[in-house]
Amino acid sequence: MGLRERIQNIKIIDHHVHAVDPFYWMGPVGVYPFAEFNAKLPEPTPFTTIRRREMLFTAYREIYDFPYTDLTPDNLQKLDDLYQKSLEGDAEGKIFMKAMDKAGIESALQMCLSEPILPPGLDPKRFARAQMVDGFLIPLDNSGIGETTRVKQFVKMVEVYPNIMRKQMNPQSFDDYLNMVSVTLENLVAEGVVALKMNHAYWRDIAIDVADKKEAEDVYNKKDTTPARYKILQDYIMRHMIAKAAVLELPIHIHTGALGIAQPMELSNAARFDAFLWLPDIRKAQVILLHGSYPYCREAGFMVSRKGDVPNLYLDLSMMIYSIPGSPEANVGIIRDWLQAGLAERIVYGSDTTNVINVFIAAAIIREALYLALQGMIDDGCIDETQAFTMAEMILRENAKKLYKNKV
C-alpha cells in the first residue's frame, strides 16, 4: 500500500466543527448570520478546479444519493430538495454524522456557541464540546460595538452564555465577576467540556495589552464603554481567563487570520497577539491559532516554532483547507513550510464548517494536500515514507488526542 492509500485510511479527528450551527443562533439571536452561505449546497462554477469538482459530485452521491455527474437546471432542484429534506427535525445532525462516516472522520470537537450542549441528532459518543467564552470580556452595555449587522449579531450571541452565568451567580463587584469567570471555567471542566473558543477577533482587535487591575475595575464600576477604556477592561478579563485556563490545562481556540472576518484583516493577524503570550501566567496556556492565521501563515508558523519560549502553541488548518486557498495543491506550500520547520507535532486538523459537503470535502482536501506535501519531501530526500506517514497520523488524529487528553 502506497503513502496516498495509507493516508486515505487514517481515521480523522476533526477538532473544530460547527455541526448544526443554526441550532445555537436561532434561539438567542433569532437569525443565522451565515444563512446566505448555507442556503443550499456548494455548487461548482465554470472555474472550479477539476479535482474540487470531482470531490463535490462524490459528496453529493455519497451523502445525498444524488445520481447525476453534472448539474443542470432540471436536476439542480432535485439536489436542493434533497438538501432541504436533510434539515427536517434531527435529520441534520444525522446527515452530518453520515458525512463524517463517508469522509473517514472518527470523532469531532463541537464548538458550542450559546450553551455547552450538543444539537439534536448528534451522537455524544462521537462529539466532545468546546465552549465559546469571549462574551465574558464584555460585561457592560455592548450596543455600541460593531458597525455592521453581522458583527452586532456576533456580539449578541457571545453575550448569551455570560448572561446565563450572571443570573446564576449574581456578581456584585469586579472581584465577584472575576471569580464568576473562574468558577465557570472550573464548572465547564467538571461538565466534560475539553476546550474554550475565543472569537473576539470578529468584533475587535485581536491584540491584548497588559492592563492594570485598578484601572480595569474603575471601568467596570463606572460602566465606561468608551472604546479605549472598555478595551482596558476586556484585556484584563482576557488575561484572567486565559491564565485560569492554563491552570486548568484547558486548551483555548483563538480565531486568527482574515478567514471569515468582518473587519480589516490586519486586526486578526496572530502576530498582534504574540506579546501577550509571553506573559508569565499565560505562557503555559495551550493556545490553538485557528486557520493558521491565514494569510499570515509564516508569522504563525514562526510563533509556534519557538518551542523553548512559548511551548504550548498549535497551528490549526480549519477553514483554509476548503475555503481559502481551498484546494489540495494550494495548501501544499503552507503545509510543507510548517513541516520543514519541524512543526508536525504542533499541527491539528479541523474543518470549521457547518455544511456537510464541506466536512466531506475538507477531509478529502487535507488527505491529498498532506500526501502531496509529504511525497514532495520524500522525493527531495528530506524524509522517508515511515516519517511521512507518522507526520500524517499526527496531524489527522494523534496531536488532537494528545492535546485533548483522549477526550475527543
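Residues numbered from 1 in each chain as written. Predicted model: local features only at pLDDT ≥ 70, side-chain atom pairs only at ≥ 80, totals over all residues. Heavy atoms only, no water.

Asks: Just to check I follow, could you spell out the pattern of salt bridges for this structure?
Replies: A pair can form between side chains of opposite charge whenever their charged atoms are brought close. Here the structure, examined in full by the defined rule, presents 25 salt bridges. As a salt-bridge pair, Asp 224 and Arg 229 come within 2.9 Å of each other at their nearest N and O atoms. Residues joined in a network through salt bridges with shared partners are Arg 4, Arg 51, Glu 329 and Glu 368. (Salt bridge = Lys/Arg side-chain N within 4 Å of Asp/Glu carboxyl O.)

Asks: What am I meant to see in the layout of surface pockets here?
Replies: Vacant regions in the atomic arrangement are exposed by a probe of water-molecule size rolled over the atoms. One number sums up the size of the second largest pocket: a volume of about 300 Å³. Forming the walls of the second largest pocket are 13 residues, and the residues nearest its centre are Ile 145, Arg 204, Pro 227, Tyr 230 and Gln 234. (1 Å grid on protein atoms, 1.4 Å probe; cavity = no way out; pocket = protein on both sides within 12 Å on 5 of 7 lines; lining within 4 Å. Points joined across faces, edges and corners; volume = space filled by probe spheres on them.)

Asks: What exactly am I supposed to notice about the environment of Cys 297 here?
Replies: The topology assignment puts Cys 297 in helix α11 (residues 297-305). Remark: the alpha-carbon pair of Cys 297 and Tyr 322, spanning 25 residues in sequence, is separated by 16 Å. Dropping the residues within four chain positions of it, Cys 297 is found in contact with Gly 292, Met 320, Ile 334 and Trp 338. (Helix = DSSP H or I, 4+ residues; strand = E, 2+ residues; numbered from the N terminus. Contact = heavy atoms within 4.5 Å.)

Asks: Just to check I follow, could you spell out the sheet that holds strand β4 (residues 195-198) for this structure?
Replies: Pairing between the strands of a sheet comes from backbone hydrogen bonds, and it takes one of two forms, parallel or antiparallel. With parallel pairing, the eight strands of this open sheet are ordered in space as β1-β2-β3-β4-β5-β6-β7-β8. Among the strands making up the open sheet, the edge pair consists of β1 (12-17) and β8 (347-348). Note that strand β3 (residues 127-132) and β4 share three bridges and pair parallel. Bridging from a neighbouring strand, Met 132 pairs with Lys 197 of β4. This element, helix α5 (residues 91-103), spans β1, β2 (105-112) and β3 of the sheet and lies at about 140 degrees to β2. (Pairing = 2+ DSSP bridges. Axes fitted to C-alpha atoms, helices over the stretch in contact; angles between N-to-C directions.)

Asks: What exactly am I supposed to notice about the nonpolar core here?
Replies: Within soluble globular proteins, side chains that are nonpolar generally end up buried alongside one another. Core analysis: the biggest nonpolar cluster contains 138 residues, and Ile 357 and Leu 374 have the highest contact counts within it. The element best represented in this core is helix α13 (residues 356-379), accounting for 16 residues. If sequence neighbours within four positions are ignored, Leu 374 has contacts with Leu 3, Ile 7, Leu 339, Ile 383, Ala 388, Met 391 and Ala 392. Counting 15 residues, the second-largest nonpolar core is a separate cluster that includes Ala 128, Tyr 314, Val 348 and Ala 400. (Core = buried A, V, L, I, M, F, W, Y, C linked by side-chain atoms within 4.5 Å. Buried < 20%, exposed > 50% of the residue type's maximum accessible area, 1.4 Å probe, protein only.)

Asks: What am I meant to see in the packing of helix α8 (residues 213-222) against helix α9 (residues 227-248) here?
Replies: The description of two helices packed together rests on the angle between their axes and the distance between the axes. Viewed as axis vectors pointing N to C, α8 and α9 meet at an angle of 120 degrees, and their least axial separation amounts to 8 Å. In this structure, α8 crosses over α9, and the sense of that crossing is left-handed. Contact with α8, carried on its side by Lys 213, Glu 215, Ala 216, Asp 218, Val 219, Tyr 220 and Lys 222, involves Arg 229, Tyr 230, Ile 232, Leu 233 and Tyr 236 of α9 and no other residues of that element. Of the residues assigned to the contact of α8 with α9, the class counts are seven nonpolar, no polar and five charged. (Left-handed = near helix turned anticlockwise from the far one by under 90°. Nonpolar A, V, L, I, M, F, W, Y, C, P; charged D, E, K, R; others polar.)

Asks: Which parts of the structure should I look at to understand α13?
Replies: For an α-helix, the turn length of 3.6 residues means that residues three or four places apart are oriented alike. If you check α13, its first and last C-alpha atoms are 35 Å apart, about what 24 residues at 1.5 Å a residue would give, namely 34 Å. The buried fraction of α13 is high, at 21 of 24 residues. Where α13 begins, the side chain of Asn 355 points an oxygen toward the backbone nitrogen of Ile 357, at a separation of 2.8 Å. One or two residues past the end of α13 sits Gly 381, with phi positive at roughly 80 degrees. (Expected span 1.5 Å × (residues − 1). Polar contact = N/O pair within 3.5 Å; in protein donor to acceptor, adjacent residues only side chain to side chain.)

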